[in-house]
Amino acid sequence: MPDHAKTELEHVQDTLAQLKEMRHYSANNVETLTAQWLLFDGELSKLGRTAKIDDLMVRQGELHEALEGVIADFEELATELQPAPEA
């Protein structure tokens, strides 16, 4: 089977697949970190050490939200790159 250069659409679709995989792992990480954090929050709050971890939790959530935005942008681009239907 001969090699062929990927089209712009194929590159966008590959990137979309990778971003969606990142989103999947990001969502799982947020859920796992939140569950673990809830277990330790009470004890650490007594020590006044929760602010740094709270900041990390916020940043993880922001990353997940940013991934959602980039995925939406690339999905729109993939739609624009679809070849026109043949008449």
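One can find the structure itself at the top, above this paragraph.
Rules behind the numbers
- Residues numbered from 1 in each chain as written.
- Predicted model: local features only at pLDDT ≥ 70, side-chain atom pairs only at ≥ 80, totals over all residues.
- Heavy atoms only, no water.
- Helix = DSSP H or I, 4+ residues; strand = E, 2+ residues; numbered from the N terminus.
- Buried < 20%, exposed > 50% of the residue type's maximum accessible area, 1.4 Å probe, protein only.
- Core = buried A, V, L, I, M, F, W, Y, C linked by side-chain atoms within 4.5 Å.
- Contact = heavy atoms within 4.5 Å.
- Salt bridge = Lys/Arg side-chain N within 4 Å of Asp/Glu carboxyl O.
- Expected span 1.5 Å × (residues − 1).

A. Main features of the environment of Ala51. Assignment of secondary structure puts Ala51 in helix 2 (residues 50-81). Its relative accessible area of 57% is what places Ala51 among the exposed residues. C-alpha separation for the pair Ala51 and Gln82, spaced 31 residues apart in sequence, amounts to 47 Å.

B. Examining the nonpolar core more closely. Residues Leu9, Val12, Leu16, Leu19, Leu67, Ile71 and Ala78 constitute the largest nonpolar core, which totals seven residues. Elements that contribute at least two residues to this core include exactly helix 1 (8-47) and helix 2. Per-element tally for this core: the top contributor is helix 1, with four residues. What Leu19 contacts, discounting residues up to four positions off in sequence, is Leu67, Val70, Ile71 and Phe74.

C. Inspection of the pattern of salt bridges at higher detail. Following the criterion strictly, the structure yields four salt bridges and no others. Note that Lys20 and Glu75 form a salt bridge whose closest N and O atoms lie 3.0 Å from each other. Placement of Lys20 in helix 1 and of Glu75 in helix 2 is noted, with a sequence separation of 55 residues between them.

D. Quick peek at helix 2. An ideal rise of 1.5 Å per residue puts 46 Å on 32 residues; helix 2 measures up with 47 Å between its terminal C-alpha atoms. Every buried residue belonging to helix 2 is among Thr50, Gln60, His64, Leu67, Ile71 and Ala78, and all of these are buried.

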